[in-house]
Amino acid sequence: MNQDPKNQKPNNRPPQKGDNSDNNRSARTIAILVICALVATLLINTLYSTISNSRFSQISYSEFLTMLENGEIDSVEFSSNDRILILTKEQALQPASQQSIYYTGMIPNLDLAPLTERMTQLGVDYDTEIVEEASPIVTFIVSWILPVALMYGLFSLLMRSMTKRMGGGMGGLGGIGENKAKVYMEKSTGVTFADVAGQDEAKESLVEIIDFLHNPQKYAAIGAKLPKGALLVGSPGTGKTLLAKAVAGEANVPFFSISGSDFVEMFVGVGASRVRTLFQEANKVAPAIIFIDEIDAIGRTRDSKFGGNDEREQTLNQLLAEIDGFDSSKGVVILAATNRPEILDKALLRAGRFDRRIIVDRPNLAGRYQTLRVHTKNIKLAEDVDLHKIAQATAGAVGADLANLVNEAALRAVRMGRKAVNQQDLLTSFEVVIAGTEKKGTVLTDMEKRIVSYHEVGHALVAALQKHTQPVSKITIVPHTSGALGYTMQMPEEEKFLNSKEELLVELQTLLGGRAAEQTVFGIQTTGASNDIERATELARKMVTQYGMSEKFGLMALSSVSNPYLDGSTMMNCADSTASAADEEIQKLLSGCYETAKKLLQENRELLDEIALYLLQKETITGDELMTYVNASKQRLTDGEPASADASADASGETPAQQ
């Protein structure tokens, strides 16, 4: 089960390489400063060049001669790049920083003597001394090659410094090929099997691995080999990662943890490099445990029919080669976790690689009780807390759900000003998890409240008047953040793993009881039954296509579960015409259940009105209050007399209106 963070043991491991956040922050700061300095330098040079060139305007050589004859020129300077720089008399009166200078190219092989003689006659100052500029090659090197080399040197120095601070090795540019596995040495995981509840079967399968890591000679003496790998399979939140950490904690060996997505990069070959590095590091400190979480990120089936990702396939190939290559006698064990085993490559699951598949399933009643005990061991509980009832109410919940439930209960106790969590806190937090918190800002009209009241009582009454149903524990017409304007909660008396056709039919009738009540009382159909219809349709479809409960199709399976550990989605395995006929059978099944529910409510219309009116007054009633009305109605039918206050009294002597 997933452990609540505050229930985990403190992590007393010594600082590992890459754990120094101050060094990482310092390296990032240096990188930012260097980049900012380079950008600023480039901007300044560009700005300076732009400002300098803005002072020059080009004219033709004939325009220059015309200006010279008209007496507009103050001075002339001959440049080495075959240009003449010209300052007019008008610009000479301006400050030096604001002067605009004309320039023109010189005519090739021009004899300067006539030109200089004419400028002397006109009184124009000129300078014929030509200053030789640097070679174009030298200019190119200084302007382009040197800055690039300087930037590359600074960047390399920076990355080398960051790699040293982060404890990396030859990771390539920026640590692209560097192994990003987290290494926990010996007891640093802080998790043992005592912290894992509700997964006894999975723990038994892993105990042998721990024993081998402690006593490998015992197995070697008889010639036995430890399985190289074990695949943990289960729904999200069942505790697969926690189990892997518990194995490392029990064995007191180094624990290498990495996610499958950490292997995949945009650069081809990087993932394969990381796989090699990971196994090399594990072999150095063997015995050790390698844990790959979400292995389906790299272990997906290789299928060229839909195209492929070369990087992912290379990473998978390297992983297969490493598993085959390392010696299991050294004590290196591979654990992997996934909730999508159906998409894994068959080569990954064959014998000699991941030999064992360990199912980490949703806990049963006893498992949920043990899980609640683990999550509440650091929680102050009131004397009225009964974890058995909470475990019974949370059928189908995984460890993460139960941890969240306990935490929500503790938060509620603090909000209510109590110093201990009571039973009501746990029950309320369970409702928060499944239905959300109450929406105090939602105001329904009187008509809407009546419709919602009859709708919810329709569900409850159909369930209460029939056999093979789960008892109703609560009915409310208070809107919640999940979008529900009200809900009816049923709590199982015992945990069941099989359902008969009769039980499923009653469940369908209960789901459709809300719409049946709306139609019976108001003669209308509202959107409030949308979720009920969706759930009923899904259940009816499973009855027809999976469970073999259809008279028309008999024992024929028309669909299969494609993803059992995530959403339980199904895939049709039949012809289109058969699927169309299955839809007709589903519609027929739903219509029959709806008519049964509607008939049941019509026959008990008086009881429906009484309970709906009572629910309108109190907004929330318990299952016991509901059964008080139902039992009183049965008593009236038995006696053949009208209902009285005494007949509807409960064991405490109070009528429902007095409760």
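Residues numbered from 1 in each chain as written. Predicted model: local features only at pLDDT ≥ 70, side-chain atom pairs only at ≥ 80, totals over all residues. Heavy atoms only, no water.

Caption draft 1: Seen up close, the overall build of the protein chain. When you go through the protein chain residue by residue, the secondary structure sums to 22 helices and 16 strands. Counting only residues that meet the buried cut, the protein chain has 41% of its 659 residues in that class. Expressed as a percentage of contacts within the protein chain between residues at least 6 apart in sequence, the contacts between residues at least 24 apart total 73%. Carbon and sulfur atoms make up 53% of the accessible area of the protein chain, which totals about 35900 Å². (Helix = DSSP H or I, 4+ residues; strand = E, 2+ residues; numbered from the N terminus. Buried < 20%, exposed > 50% of the residue type's maximum accessible area, 1.4 Å probe, protein only. Contact = heavy atoms within 4.5 Å. Areas by Shrake-Rupley, 256 points an atom, 1.4 Å probe, with all protein chains shown as cover.)

Caption draft 2: Here's a closer look at the packing of aromatic side chains. Per the counting criterion, the structure on display carries 4 aromatic pairs. For the ring pair Y454 and F522, a centre distance of 5.5 Å and an interplane angle of 90° mean the geometry is edge-to-face. Of the two residues, Y454 is situated in helix α16 (residues 446-464) and F522 in the loop between α18 (513-521) and α19 (530-545); the sequence distance between them amounts to 68 residues. (Phe/Tyr/Trp six-rings, centres within 6.5 Å; stacked < 30°, edge-to-face > 60°.)

Caption draft 3: Spotlight on helix α17 (residues 501-511). Taken residue by residue, α17 has E503, L504, V506, L508, Q509, T510 and L511 as its buried positions. Looking at the packing, one finds that the buried side of α17 touches α16, β13 (487-490), α18, α19 and α20 (576-603).

Caption draft 4: Region of interest: the confidence of the model for the protein chain. Summing up the model confidence of the protein chain, the mean pLDDT is 78 and the portion of residues at 70 or higher is 75%. A low-confidence stretch, residues 1-21 stays under pLDDT 50, and its non-local contacts, those more than four residues away or across chains, total 49 contacts. Counting contacts from residues 640-659, a segment whose pLDDT is below 50, to residues more than four positions away or on other chains yields 23 contacts. (pLDDT = per-residue confidence, 0-100.)

Caption draft 5: Region of interest: the pairing of strand β8 (residues 255-259). With respect to burial, β8 is a largely interior element, 4 of its 5 residues being buried. As paired elements, β8 and strand β9 (residues 288-293) share 5 bridges and run parallel to each other. Counterpart to S259 in the pairing with β9 is D293. (Pairing = 2+ DSSP bridges.)

Caption draft 6: Main features of the sheet that holds strand β12 (residues 472-476). The antiparallel open sheet is built from 3 strands, whose spatial order is β13-β12-β16. For this open sheet the edge positions go to β13 and β16 (620-622), each flanked by a neighbour on one side alone. When strand polarity is set aside, the average angle formed by the axes of neighbouring strands in this sheet is 10°. In this structure, β12 lies alongside β13, joined through 4 bridges in antiparallel fashion. Following the sheet pairing, T476 is matched in β13 by Y487. Packing against the sheet, helix α15 (residues 423-435) makes contact with β12 and β13, and its axis sits at approximately 120° to β13. Across the sheet, helix α21 (residues 605-618) is in contact with β12 and β16; its angle to β16 comes to roughly 120°. (Axes fitted to C-alpha atoms, helices over the stretch in contact; angles between N-to-C directions.)

Caption draft 7: The arrangement of the side chain of T338 in detail. By the element assignment, T338 lies in strand β10 (residues 332-338). Exposure remark for T338: the relative accessible area of 1% places this residue in the buried category. Leave out the neighbours within four places in its chain, and T338 touches L231, L232, V233, G234, K240, I295, D296 and L344.

Caption draft 8: Local environment of α21. When the terminal C-alpha atoms of α21 are compared, their 20 Å separation across 14 residues agrees well with the 20 Å that a helix rising 1.5 Å per residue should span. Residues L607, L608, I611, A612, Y614 and L615 constitute the buried set of α21. Across the axial projection of α21, the buried residues extend over an arc of 160°, all falling on one side. Of the exposed residues in α21, those oriented more than 90 degrees away from the buried face are E606, L613 and Q617. (Expected span 1.5 Å × (residues − 1). Arc of directions from axis to C-beta.)

Caption draft 9: How the structure looks around the environment of A248. As for its position among the elements, A248 is in helix α8 (residues 240-251). A248 gets classed as buried once you look at its relative accessible area, which sits at 0%. Through-space distance from the C-alpha of A248 to that of A288 is 8.0 Å; in sequence the pair is 40 residues apart.

Caption draft 10: Focus on the packing of α19 against α20. Across the interface, α19 lies against α20 with an axial gap of 9 Å and an inter-helix angle of 120°. In terms of orientation, α19 lies oblique with respect to α20. Crossing geometry of α19 relative to α20 is assigned as right-handed. Mapping the contact onto sequence places A536, T537, A540, R541, M543, V544 and T545 in α19 and A582, D583, E585, I586, L589 and L590 in α20. Taken together, the residues of the contact of α19 with α20 break down into 8 nonpolar, 2 polar and 3 charged. (Parallel < 35°, antiparallel > 145°, perpendicular 65-115°, else oblique. Left-handed = near helix turned anticlockwise from the far one by under 90°. Nonpolar A, V, L, I, M, F, W, Y, C, P; charged D, E, K, R; others polar.)

Caption draft 11: Highlighting the side chain of R353. In this structure, R353 sits in the loop between α11 (346-349) and β11 (354-359). Of note is the side chain of R353, whose polar atom sits 2.7 Å from the backbone oxygen of A347. Once you skip the residues sitting within four places of it in the chain, R353 turns out to touch K228, G229, L320, I323, D324, A347 and L348. (Polar contact = N/O pair within 3.5 Å; in protein donor to acceptor, adjacent residues only side chain to side chain.)

Caption draft 12: The arrangement of the nonpolar core in detail. L508, I611 and L626 are the most contacted members of the largest nonpolar core, which has 49 residues in total. Here L626 is in contact with A460, A464, V472, I475 and I611, once residues within four sequence places are set aside. Judged by nonpolar contacts, the second largest core, of 29 residues, contains I209, F212, L226 and A230. (Core = buried A, V, L, I, M, F, W, Y, C linked by side-chain atoms within 4.5 Å.)

Caption draft 13: Fine view of the packing of helix α2 (residues 61-69) against helix α4 (residues 112-121). It is the contact of α2 with α4, at a shortest axis distance of 10 Å, that shows an interaxial angle of 30°. With respect to α4, the axis of α2 lies roughly parallel. For the pair α2 and α4, contact is made by Y61, F64, L65, L68 and E69 and by L115, R118 and M119, respectively.

Caption draft 14: The arrangement of the environment of S560 in detail. Locating S560 in the fold gives a position in strand β14 (residues 559-561). For the pair formed by S560 and T570, sequence separation is 10 residues and the distance between their alpha carbons is 5.3 Å. In this view, S560 contacts S569, T570, M571 and N573; residues no more than four positions away in its chain are not counted.

Caption draft 15: Unusual backbone geometry, seen in detail. Residue N252 is not a glycine yet carries a positive backbone phi of 55°. The topology assignment puts N252 in the loop between α8 and β8. Classification of N252 as partly exposed rests on a relative accessible area of 35%. Here E294, not a glycine, exhibits a phi torsion of approximately 50°, which is positive.

Caption draft 16: Quick peek at the pairing of strand β7 (residues 229-233). For β7, the buried fraction is high: 5 of the 5 residues fall into the buried class. Every second residue of β7 is oriented toward a common face, with G229, L231 and V233 on one face and A230 and L232 on the other, all of them buried. The pairing of β7 with β10 spans 5 bridges and is parallel. Across the sheet, the residue bridging to A230 is L335, located in β10. In this structure, β7 lies alongside β11, joined through 5 bridges in parallel fashion. The residue of β11 that forms the bridge with L231 is R357.

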